[in-house]
Amino acid sequence: MSAKTVNHRAWWLVLPVVLLVGFNAVVPLMTVVNYSVQETFGNNRFFFEGVKWFDSVVHSARFHDALKRQMLFTAIILAIEIPLGVAVALAMPRKGVWASVCLVLMSMPLLIPWNVVGAMWNIFALPDIGLLGWTLNKLGFDYNYTRQPFAAWATLIAMDVWHWTSLVALLAYAGLSAIPDAYYQAAKIDGASSWAVFRHVQLPKMKHVLTIAVLLRFMDSFMIYTEPVVLTGGGPGNSTTLLSIDLVKIALGQFDLGPAAAMSLIYFLIILLLSWMFYRVITLDEEQ
Amino acid sequence: MKRFKWLVPAIYIVFLMLPIYWLLSMSFKHTNEILGGFTLWPRSFTLENYHKIFTEPTWYMGYVNSLTYVTINTVLSIAVALPAAYAFSRYRFLGDKHLFFWLLSNRMAPAAVFALPFFQLYSAIGLFDTHIAVALAHCLFNVPLAVWILEGFMSGVPKELDELAFIDGYPFWKFFLKIFVPAIAAGIGVAAFFCFMFSWVELLLAKTLTSVEAKPIAAIMTRTASSSGYELGLLAAAGALTMVPGAFVIYFVRNYIAKGFSLGRV
C-alpha cells in the first residue's frame, strides 16, 4: 500500500471508466431523483411535490411488508448458506483430480442465467410432473408452491440455497487452501481435536473470505429479482413479493413514477450502506 | 468419521445436479409425455425441441442477440478497465479511494432501480432495441467488476517490473501493451470470463432495453413461458442451451472462480 507513488495524472487512466460508468449511473440516478420530488398527471407535465412521495413510502404498509419479507428472506438464506458452504468446503478434497471435479460441478449453478434458474426450479417443483413436487406429494406431503405461501417460500429458499451456496463454499475453500500444511502438522503434534483445529486454525484463516461471503450474499440477496419472478411471480398473493419485485410492479406495471422513484432511492441507500460496510471490511483487512 | 467425509460434498453435488438433470430430461421429451404424467426419464427420446430452436429464427436469433451484446460488453469493459485498474494498483491520486468505492457501489446497484430510467435514457438517445444499448447498460456493473478483479491481479505483479522498464527507456504505452498486459494475461482472462458471465446471466435490463431486434434469449424464454402456454419441453431445451457457455469454459477458470465472484479480493 505504502509503495504507491502519488501521481495525479493517473486520472487520465481512469477517465474512460468514469465517463462510461458515470453516463450509466449519474443520468439515470438524477432521473430517479427528479421523479421522486414531482407529481405528474400525464402529458409530460410535472409539479414539484417536495418530500411527499418519500413520506408516503416510508409510511406505506406495502413497502414495510416488502422490506420485512426481504429481510426475512435474506436472514434465512444467510443462516443456511454460510454454515452449509463452510461444511462442504471443509469436507472437500484439498488437491488432485477430485478437487477439480468438485470445483467444476459446484460452480455449475453460478453460471446459469438467472431466469433459467427460476424456470428450472419451476419445472423441478411442479406438483404433478416435477421431480421434487411429485416426490414430495408421493411421500404424503401436500405440496403445491403455486397455491401455498409456505410451500412457495420453502421452494424459493431451496432455490437460492441451490443457486448460491457454492459461492460460499468456493470462497471458504479458497481460504482453506491458503493454510500451510505445517499448521496442520503442528496441530497434530499437539494432539489437537478436529474441533480445536477448526476453531483455532481454520476459522481464523477463513475470517476474511467469510466476511466477504456474508456481505456479498447479503447484498446480492437484497437485489434478487429475476429468479423469484420466474418461479412464483411474487405469489401466491403477495407472499413472495420481495423489494425488487414490488419496485418493478410499481414502476413498470402501474407507472407510478413518483412513489417508485422515492422507493428506489430508499432502496438504493440501503444497498449503499451495505456496500460501504463491504468496502471498509475489505480495505481494513488488506491494510493489516 | 473421517472415512465418510467425502459424503458431504457428494450429497451436496447430487442436490445440485437434480434440477439440472430434470431440465435436461424434460428437454428430450415430447410435450405429450410431459403433460401425460410423471416419467423419471424420457420414454420416447426426442431431439425435436432442439431441432425447433436451431431452425426457427425467433429462437436462435435470441442466442445470436445475447452473444452479440455480451461480446461487445466484455471487450468494452476490459478495454476501459485495464488502464483504470493499473492506475488504482500503482498510483495514489486525488480522490482515488472515493472513486474505487463509487465503482463498487455501482456493481451493487439493484437493476430494478435503474430499469425505468435506463429505458428512458436509451430511448432518448435513439439506441433503444440495439445491441449497443444493452452492452453499454451492462457496463454499469461489469466495468466496476473488471476494475476490481484486474486491480487484484495487478497488485500481485511486483512494481520493480514497471520501474525496470521505465529505466530501460520504454514509453508508457509500449511498456503497458508489450510487457504489462502479457504479465497479467491470466487476470485478463478471468476478468473477461466474469464480464461475459454476468452479462449473460442478467435479464431485467436486457429485457427492458430491447423489444424485437436485439431481444435476448432469456426474454424469449419468459415470453414462451407465459404466452404460448405449456411448451415445457421447448423451454427446457432453450434453458439447457443457455448453460453451454458456462459449462464450456468452467474448467479453465476453476481455480479463479472464488477470486472472480469476490471481486478479486481472495
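This part is about the overall build of chain B. Assigned secondary structure in chain B consists of 15 helices and one strand. Over its C-alpha atoms, taken along the principal directions, chain B stretches across nearly 75 × 65 × 30 Å. Looking at chain B residue by residue over its 266 residues, the buried ones come to 50%. Nonlocal contacts in chain B, meaning residues at least 24 apart in sequence, comprise 79% of its contacts between residues at least 6 apart.

Our focus in this paragraph is the overall build of chain A. Within chain A, the secondary structure is distributed over 12 helices and three strands. Along the first, second and third principal axes, the C-alpha atoms of chain A reach 80 × 70 × 30 Å. Taken across its 288 residues, chain A has 42% of its residues classed as buried. Within chain A, residue pairs in contact and separated by at least 24 positions form 69% of the contacts whose partners lie at least 6 positions apart.

Membership of the largest hydrophobic core comes to 170 residues, with the highest contact counts inside it found for A:Leu171, B:Ala81 and B:Val147. At 17 residues, helix α7 (residues 131–154) of chain B tops the list of elements feeding residues into this core. Residue contributions to this core reach at least three from each of two domains, namely domain 1 (1–46) and domain 2 (56–261) of chain B.

Time to look at helix α7 (residues 149–177) of chain A. The terminal C-alpha atoms of α7(A) lie 41 Å apart, and with 29 residues this matches the ideal 42 Å at 1.5 Å per residue to within 8%. The sharpest bend along α7(A) measures roughly 40° and falls at A:Trp164.

Let us look at the domain arrangement of chain B. Residue and element names in this part refer to chain B. When the domains of chain B are assigned, the result is domain 1 (1–46) and domain 2 (56–261). Listed as interface residues are nine residues of domain 1 and, on the opposing side, eight residues of domain 2. At the level of elements, α1 (7–27) and α2 (31–36) are the ones that each hand at least two residues to the side of domain 1 that touches domain 2. Examining the composition of the side of domain 1 that touches domain 2, we find that four residues originate from one element, α1, more than from any other. Here the side of domain 1 that touches domain 2 is composed, by residue class, of five nonpolar, three polar and one charged.

With that settled, consider the environment of B:Tyr63. All names here are of chain B. By the secondary structure assignment, Tyr63 is in helix α4 (residues 57–90). Look at Tyr63 and you get partly exposed, because 19 C-beta atoms sit within 10 Å. Taking C-alpha positions, Tyr63 is 9.4 Å from Ala238, a pair spaced 175 residues apart along the chain.

All names here are of chain B. The interhelical angle for the contact between α1 and helix α13 (residues 232–242), taken along N-to-C directions, is 125°, at an axis separation of 7 Å. Of the possible angle classes, the one that applies to α1 and α13 is oblique. The handedness of the crossing between α1 and α13 comes out as left-handed. Judged by residue contacts, Leu23, Leu24, Met26 and Ser27 of α1 engage Leu232, Gly233, Ala236, Ala237, Gly239 and Ala240 from α13. Across the contact of α1 with α13, the residue classes break down as seven nonpolar, three polar and no charged.

Relative to the helices and strands, A:Val116 is located in helix α5 (residues 114–125). We classify A:Val116 as buried; it has 26 C-beta atoms within 10 Å. Along the sequence, A:Val116 and A:Tyr279 sit 163 residues apart, while their C-alpha atoms lie 31 Å from each other. Among residues more than four places away in sequence, those in contact with A:Val116 are B:Gly239 and B:Thr242.

Residues and elements named next belong to chain B. Two numbers describe how helix α8 (residues 160–167) lies on helix α9 (residues 172–183): the axes approach to 11 Å, and their chain directions differ by 155°. The angle between α8 and α9 places the two elements in the roughly antiparallel class. Two packed elements cross with a definite hand, and for α8 against α9 that hand is right-handed. Mapping the contact onto sequence places Leu161, Ala165 and Phe166 in α8 and Phe175, Ile179 and Ala183 in α9.

Turning next to the interface of chain A and chain B. Contact with chain A, which involves 74 residues of that partner, is made by 79 residues of chain B. In terms of residue class, the side of chain A that touches chain B is built from 61 nonpolar, 12 polar and one charged. For strand β1 (residues 5–6) of chain A and strand β1 (residues 91–92) of chain B, the ladder comprises two bridges, and the chain directions are parallel. Pairing of A:Thr5 across the sheet is with B:Tyr91, part of β1(B).

Residues and elements named next belong to chain B. Its 14 residues give helix α6 (residues 111–124) an end-to-end C-alpha distance of 19 Å, which sits within 8% of 20 Å, the value for a rise of 1.5 Å per residue. The largest bend in α6 is about 35°, located at Pro117. For α6, the buried fraction is high: 10 of the 14 residues fall into the buried class. Here α6 has its buried residues at Ala111, Ala112, Val113, Phe114, Ala115, Leu116, Pro117, Phe118, Leu121 and Tyr122. Remark: Gly126 follows α6 within two positions and exhibits a positive phi of approximately 75°.

Looking now at the confidence of the model for chain B. All names here are of chain B. Summarising the model, chain B shows a mean pLDDT of 86, and 96% of its residues fall at 70 or more. Here helix α12 (residues 217–226) stands out as the element of chain B with the lowest mean pLDDT, 71, in contrast to α4, whose mean of 92 is the highest. Scored as a whole, the predicted complex attains pTM 0.87, and scored at its interfaces, ipTM 0.85.

This part covers unusual backbone geometry. In the Ramachandran plot, B:Asp129 falls in the positive-phi region, its phi being about 65° despite a non-glycine side chain. Mapped onto the fold, B:Asp129 is located in the loop between α6 and α7.

Time to look at the environment of B:His51. Residues and elements named next belong to chain B. Checked against the element boundaries, His51 lands in helix α3 (residues 48–55). With 11 C-beta atoms packed within 10 Å, His51 lands in the exposed category. For the pair His51 and Leu234, spaced 183 residues apart in the sequence, the C-alpha separation amounts to 9.7 Å.

What counts and what doesn't
- Residue positions are given per chain, counting from 1 as you read along its sequence in written order.
- By the order in which they are written, chains take letters starting at A while ligands take numbers starting at 1.
- Local features in a predicted model are, by the rule used here, given only for residues with pLDDT of at least 70; side-chain atom pairs are given and counted only at 80 or more, and totals for whole chains, interfaces and linings are based on all residues.
- Under the DSSP-based scheme used, a helix requires at least four consecutive residues in state H or I and a strand at least two consecutive residues in state E, with every element numbered from the N terminus.
- Three exposure classes are used, all based on how many other C-beta atoms lie within 10 Å of a residue's own C-beta (placed from the backbone): buried at 20 or more, exposed at 12 or fewer, and partly exposed between those limits.
- Our contact criterion uses C-beta atoms placed from the backbone: two residues qualify when those atoms are within 7 Å.
- By our criterion, buried Ala, Val, Leu, Ile, Met, Phe, Trp, Tyr and Cys residues that link up through C-beta atoms within 7 Å make up a nonpolar core.
- Domain borders in the structure are assigned automatically or taken from a domain database.
- Each helix should span, by expectation, one fewer than its residue count multiplied by 1.5 Å.
- A residue's bend is given by the angle between axes fitted to the 7 residues ending at it and the 7 residues starting at it.
- Charged residues are taken to be Asp, Glu, Lys and Arg, nonpolar residues to be Ala, Val, Leu, Ile, Met, Phe, Trp, Tyr, Cys and Pro, and polar residues to be all remaining types, Gly included.
- Lines fitted to the C-alpha atoms define the axes, with helices restricted to the stretch that makes contact. Angles between their N-to-C directions range from 0 to 180 degrees.
- Oblique is the label for any angle not covered by the other classes, which are roughly parallel (under 35 degrees), roughly antiparallel (over 145) and roughly perpendicular (65 to 115).
- Each helix crossing is assigned a hand: it is left-handed if the near helix lies turned anticlockwise from the far helix by less than a right angle, otherwise right-handed if that turn is clockwise.
- At least two bridges found by DSSP between two strands are what make those strands a pair.
- As a per-residue quantity, pLDDT reports the predictor's confidence and falls between 0 and 100.

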